[in-house]
Amino acid sequence: MKVVLFCGGYGMRMRNGTSDDVPKPMAMVGPRPLIWHVMRYYAHFGHTEFILCLGYGAHHIKDFFLNYEETTSNDFVLRGGRTELLSTDIADWTITFAQTGIESPIGERLRRVRHHLDGDEMFLANYADVLTDAPLPEMIDKFALRDAGASMMVVPPQSSFHCVDLGEDGLVGGITAVSDMPLWENGGYFVLRQEVFDHIPENGDLVADGCAQLAKRGRLMAHQHRGFWKPTDTVKERAALDDAYTRGDRPWAVWEHGGTAANVPGARSGSGARA
């Protein structure tokens, strides 16, 4: 199943005051950028056909894959001056690099790569800067059995703030952590059918337009996930993930936890490699 990744945003909250144009998906977590971790997650479950919706700083993403160094994250033998890899990361990946505009909303980016989906009834889509250990095969299988146009993963609120129950007399009736409230946030990791394109106007948004319209028609599913899920919107969040990686605390790295795509229920196989 093809995977569309949105990786063309500016990522202004990741800036450190410099004038660099490195896009957020290229922020490093361990020895590899965020987008690599997201792609390895999908590849673990057998989904190795990727369509990258590029925009701001696209050349950084292109250069990373065009000059990909397998020895950074794989064991190898140096014999007679030649490198013999003992394993590989991306040898079986197919990666389509599509420029989808600098200012385009996510819905418009998706519209602009529709022709790369070859009319597939179902496909996957996600942001390129959020990590999880969610059970992808389960999400896909549940969606495949339902008559719905889209599925999105939802997670508990991530805010550390508190909500205040305020009476008309100005007295506080109670204080509740946002994370303890019966609310759910969009967590990405979409499973979509072609129907979603019927509800995304030109320069529209995937969630505010496409998903919202499907919800009104009772055709939007949600997969509730209370496990690991971390966005990377700020320098602090990226640093926290990097520190966790260094400590060996990386639940999103499902490829390190045993098992292969071949024996994961619901896994789909990909095809060849091109860039």
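Residues numbered from 1 in each chain as written. Predicted model: local features only at pLDDT ≥ 70, side-chain atom pairs only at ≥ 80, totals over all residues. Heavy atoms only, no water.

A.B. asks: Even after reading the chapter, I still don't get the overall build of the protein chain, so can you show me in this structure?
C.D. replies: Across its full length, the protein chain holds six helices and 16 strands. Counting the 275 residues in the protein chain, one finds 47% classified as buried. For the protein chain, long-range pairs separated by at least 24 residues make up 77% of all intrachain contacts whose partners lie at least 6 apart in sequence. For the protein chain, the computed accessible surface area is about 13,500 Å², with 50% contributed by carbon and sulfur atoms. (Helix = DSSP H or I, 4+ residues; strand = E, 2+ residues; numbered from the N terminus. Buried < 20%, exposed > 50% of the residue type's maximum accessible area, 1.4 Å probe, protein only. Contact = heavy atoms within 4.5 Å. Areas by Shrake-Rupley, 256 points an atom, 1.4 Å probe, with all protein chains shown as cover.)

A.B. asks: Honestly, helix α2 (residues 58-66) in this entry has me stumped. Any pointers?
C.D. replies: Helical periodicity: at 3.6 residues per turn, an α-helix aligns residues three or four positions apart in one direction. Inspection of α2 places Ala-58, Ile-61, Phe-64 and Phe-65 among the buried residues, and these make up the whole buried set. Angularly, the buried residues of α2 cover 130° about the axis, an arc narrow enough to put them on a single face. (Arc of directions from axis to C-beta.)

A.B. asks: Even after reading the chapter, I still don't get the layout of surface pockets, so can you show me in this structure?
C.D. replies: In this approach the atoms are scanned with a rolling probe the size of a water molecule, which exposes any empty space left behind. Within this model, the largest pocket holds a volume of roughly 470 Å³. In this structure, the largest pocket is lined by 25 residues; those nearest its centre are Gly-9, Lys-24, Ile-106, Tyr-127 and Asp-129. Where the lining of the largest pocket is concerned, the elements lending two or more residues are β1 (2-7), α3 (106-112), α5 (206-216) and β16 (229-231). Residue classes in the lining of the largest pocket are distributed as 13 nonpolar, six polar and six charged. Size it by volume and the second largest pocket reaches roughly 340 Å³. Gln-158, Ser-159, Ser-160, Phe-161, Phe-228, Lys-230, Pro-231, Lys-236, Glu-237, Ala-240 and Leu-241 together form the lining of the second largest pocket. Of all the elements in the fold, those that place two or more residues in the lining of the second largest pocket are β16 and α6 (235-247). (1 Å grid on protein atoms, 1.4 Å probe; cavity = no way out; pocket = protein on both sides within 12 Å on 5 of 7 lines; lining within 4 Å. Points joined across faces, edges and corners; volume = space filled by probe spheres on them. Nonpolar A, V, L, I, M, F, W, Y, C, P; charged D, E, K, R; others polar.)

A.B. asks: What should I look at first to understand unusual backbone geometry in this one?
C.D. replies: Where the residue is not glycine, phi is negative for most of them; where a peptide bond is considered, it is trans in most cases. Its identity is not glycine, yet Asp-118 carries a phi of approximately 55°, on the positive side. Within the secondary structure, Asp-118 sits in the loop between α3 and β8 (122-127). A relative accessible area of 58% places Asp-118 in the exposed class. Within the chain, Asn-203 stands out as a residue other than glycine whose phi angle is a positive 60°.

A.B. asks: Is there a simple way to think about the environment of Gly-55 in this case?
C.D. replies: When you line up the elements, Gly-55 lands in the loop between β4 (49-54) and α2. When the C-alpha positions of Gly-55 and Glu-103 are compared, they lie 7.6 Å apart, and in sequence the two are 48 residues distant.

A.B. asks: Teacher, can you tell me more about a nonpolar patch on the surface here?
C.D. replies: A cluster of nonpolar side chains, contributed by Val-164, Leu-166, Val-172 and Ile-175, occupies part of the molecular surface with about 400 Å² of accessible area. Sorting the residues of the nonpolar patch by element identifies β11 (162-166) and β12 (172-177) as the ones contributing at least two each. For Ile-175, the location among the structural elements is in strand β12. Relative accessible area serves as the criterion here: at 59%, Ile-175 is assigned to the exposed category. (Patch = residues over 30% accessible without salt bridge, like charges linked within 9 Å, V, L, I, M, F, W, Y side chains within 5 Å. Salt bridge = Lys/Arg side-chain N within 4 Å of Asp/Glu carboxyl O.)

A.B. asks: Even after reading the chapter, I still don't get the pairing of strand β6 (residues 82-85), so can you show me in this structure?
C.D. replies: Successive side chains on a regular strand alternate, one facing one side of the sheet and the next facing the other. Note: strand β5 (residues 76-79) against β6, four bridges, orientation antiparallel. By the bridge assignment, Arg-79 is partnered in β6 with Arg-82. (Pairing = 2+ DSSP bridges.)

A.B. asks: Can you help me understand the confidence of the model for the protein chain in this one?
C.D. replies: In regions of low pLDDT, the predicted coordinates are not meant to be interpreted in detail. Averaged over all residues, the pLDDT of the protein chain equals 86, while 90% of them reach at least 70. Element-level mean pLDDT values for the protein chain span from 79 in β6 up to 98 in strand β14 (residues 190-193). (pLDDT = per-residue confidence, 0-100.)

A.B. asks: Just checking my understanding: could you explain the environment of Asp-92 for this structure?
C.D. replies: Take Asp-92: it is sitting in the loop between β6 and β7 (94-99). Separated by 44 residues in the primary sequence, Asp-92 and Thr-48 have C-alpha atoms spaced 7.0 Å apart.

A.B. asks: I would appreciate a short explanation of the pattern of salt bridges in the present structure.
C.D. replies: When charged atoms on two side chains of opposite charge get close, those side chains can pair. Enumeration according to the criterion identifies 16 salt bridges in this entry. In this structure, the salt-bridge partner of Arg-79 is Glu-84, at a minimum N-O distance of 2.9 Å. For Glu-84, a relative accessible area of 32% corresponds to the partly exposed category. Sharing partners across several salt bridges, the network here consists of Lys-2, Asp-118 and Asp-120.

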